[in-house]
Amino acid sequence: MLGLLAMAHLLQRRAGHPGSRILSVASYRPRTEVGNESVAALIDSSDEWIRRRCGIESRRRAAPDEDLVMMATAAASKALAGAGVDPADVSAVLVATMSHRGRATTAAPLVAEALGATGAAAMDLGAACAGFPYALATADALVRSGAAGHVVLVGAERMTDIIDERDRGTAFLFGDGAGAVVVGPAQTCEIGPVVWGADGSGSELLRYDEAGILRMAGPEVFRWATAIVPDAAGRALQAAGISAADLAAFVPHQANLRIISATAKSLGLGSHVQVATDITTNGNTGAASIPQAMAALPDTTGPALLVGFGAGLSYAAQVVTLP
Ligand code: COA
C-alpha cells in the first residue's frame, strides 16, 4: 500500500484543454445509387411500402473497389483538409463501425496509415449505430484530458457485406458510406456532456446469425427506439444546459424517417431547426449516418443535437456546436 502511494507521486499528469470542438465534417458516398424498385424485387415489396414504412427512396451501395477502409480514408482525408490539420499532427484515429470484415482485425490502423497519420494511436469502436456519438464522447474526453491533440473520428460501414439482400426486414434499410469529423482543443466546451447507456437484455433484437449476417426484430427495435430516442434527446439538452428552442439542428441516427419525425415532434422543435433527413437518399448507414447527415445539412451553424441508437442495445446523445 505504501509502495503504491509512493509510486503515485511519481506519475505526472498531462496538461489537458478546457474543452474540445468539431473542426470539420465530411462524407464519402459510394458512386452507385440504388433505388427501391430493384431492392423490392428480391423481397416481394414495393417502392410505395418502403417509402411509407421508413421514408427511404434510395441508398448507396459500395462497388468492389470501395472497401470500408477506402471509404473511411476518403471521408477522413476530406475532413482533415477542411480542418486544415496535417495528418502528421493527428494523435488518434477512431473508427466507429459494425461491418468491418477482412483480414485486418481493426480498420483504424489501416485508415491511419492511408491518411499518413503515422504518429497516431488507432482503434475501432464498436457500438453499432450508436458508434458515432460514443466515439465523439471518447474523442472529447481524450482531448480535454490531454491524451490527444487532434482526433480523426470516422463512422464507416459497408453494410452490403453483412446484409442478406433477400431478408424482408433489413434488405431495403441499409446503405454503405463513411462520415468523418476532426476534433481538436478549444477554450470552451463545444461538445456537450454525453448521455449514454446500454441494455444488453435486448441484444438478440439486432444480432449476427451464424454466417455473420445482421438480423433484426424490426417492430421491437422500433418500439424501443421511439421510447429511448426522445428520452435521451431531452436529457442531452438538459445536460448541455440549453432547450430545444436554442437548437439550430437535430441530427439523429438515420434509421427510419418515422422515428426521426416522431422525436422531432415530441421535442417540440420549431421550424427554424434543421431536422436531418439524409435517410431519404442514403438509407441507414449505421455508425456513418450521423456524420454523413451532418455533412449534408445546408449551411447550418450553431448547436446541434445528436442521438445514436441501435444494436447492443446501445444509445448515446450529446449537443455539439456545428463547425
Ligand atoms: N415489404 C413489404 N411488406 C413487408 C416487408 C417488406 N419489406 N416487411 C414486412 N412486411 C409486411 C409484414 O409482413 C406485415 O404485414 P401484416 O401487417 O400483413 O402482418 C407488415 O408489412 C408490417 O410489418 P412490420 O415488420 O411490422 O413493419 P414495420 O412497420 O415495423 O416496419 C421497419 C419495418 C424495419 C421499417 C421498422 O420496424 C423499423 O424501422 N424498425 C426499427 C429500425 C431501427 O431503428 N433500427 C435501429 C438502428 S439500426
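Position numbers for residues start from 1 in each chain and track the written sequence from start to end. Where totals are concerned, whole chains, interfaces and linings use all residues; where local detail is concerned, this predicted model gives features only for residues with pLDDT of at least 70, and gives and counts side-chain atom pairs only at 80 or more. For the side-chain quantities, the full set of heavy atoms in the structure was used; hydrogens and water were omitted.

The name given to the chain in an unreviewed UniProt entry is 3-oxoacyl-[acyl-carrier-protein] synthase-3, with the source organism recorded as Paractinoplanes abujensis. Turning to the chain, the UniProt record has this under Pathway (unreviewed entry): "Lipid metabolism." UniProt positions are given in the numbering used here, feature names are shortened, and annotations may be inferred rather than shown by experiment. Listed in UniProt under the heading Sequence similarities (unreviewed entry), the comment for the chain reads: "Belongs to the thiolase-like superfamily. FabH family."

Let us now look at the packing of aromatic side chains. Each Phe, Tyr or Trp ring (for Trp, its six-membered ring) is paired with any other whose centre lies within 6.5 Å, and the angle between the two planes then decides the class: stacked below 30 degrees, edge-to-face above 60, tilted in between. According to the stated counting rule, one finds two aromatic pairs in the structure shown. Centre to centre, the rings of Trp49 and Phe172 are 5.4 Å apart; their planes meet at 90°, and the pair counts as edge-to-face. Placement of the pair is Trp49 in helix α3 (residues 47-54) and Phe172 in the loop between β6 (150-158) and β7 (176-186), with a sequence separation of 123 residues. Taking 4.9 Å as the distance between ring centres and 40° as the angle between the ring planes, the aromatic pair formed by Tyr134 and Trp196 counts as tilted. A helix here means a DSSP run of H or I that spans at least four residues, while a strand means a run of E at least two residues long, and both kinds are numbered starting from the N terminus.

A word on the packing of helix α7 (residues 218-240) against helix α8 (residues 257-266). Here the axes come from fitting lines to C-alpha atoms, over the contacting stretch only for helices, and the angles between their N-to-C directions go from 0 to 180 degrees. Running from N to C, α7 and α8 point in directions that differ by 30°, and their axes come no closer than 9 Å. Here α7 is positioned roughly parallel relative to α8, judged by the angle of their axes. Handedness of the α7/α8 crossing: right-handed. Taken together, the residues of α8 that come into contact with α7 (itself represented by Phe222, Ala225, Thr226, Val229 and Pro230) are Arg258, Ile259, Thr263 and Ser266. Nonpolar residues are Ala, Val, Leu, Ile, Met, Phe, Trp, Tyr, Cys and Pro. Charged residues are Asp, Glu, Lys and Arg, and all others, Gly as well, are polar. Partitioned by chemical class, the residues of the contact of α7 with α8 number five nonpolar, three polar and one charged. Orientation is classified from the angle alone, with under 35 degrees giving roughly parallel, over 145 giving roughly antiparallel, 65 to 115 giving roughly perpendicular, and any other angle giving oblique. A crossing counts as left-handed when the near helix is turned anticlockwise from the far one by less than a right angle, and as right-handed when that turn is clockwise. In what follows, residue pairs with any heavy atoms lying within 4.5 Å of each other are defined as contacts.

Bringing the nonpolar core into the picture now. In terms of nonpolar packing, the biggest core is built from 32 residues, with Leu136, Val183, Val251 and Leu306 touching the most fellow members. Elements supplying a minimum of two residues to this core: β4 (90-96), α6 (131-145), β6, β7, β11 (249-252), α10 (289-296), β13 (302-310) and β14 (314-322). Here the element with the most residues in this core is α6; it accounts for six residues. As annotated, the domain borders come from an automatic or database domain assignment. Both domains that furnish three or more residues to this core are identified here as domain 1 (19-186) and domain 2 (195-322). Val69, Ala79, Val90 and Val182 belong to the second largest nonpolar core, which has 29 residues in total. What we call a nonpolar core is a set of buried Ala, Val, Leu, Ile, Met, Phe, Trp, Tyr and Cys residues that are connected through their side-chain atoms within 4.5 Å. Partly exposed describes any residue whose relative accessible area lies between the buried limit of under 20% and the exposed limit of over 50%, with all areas from a 1.4 Å probe on protein chains only and scaled to the type maximum.

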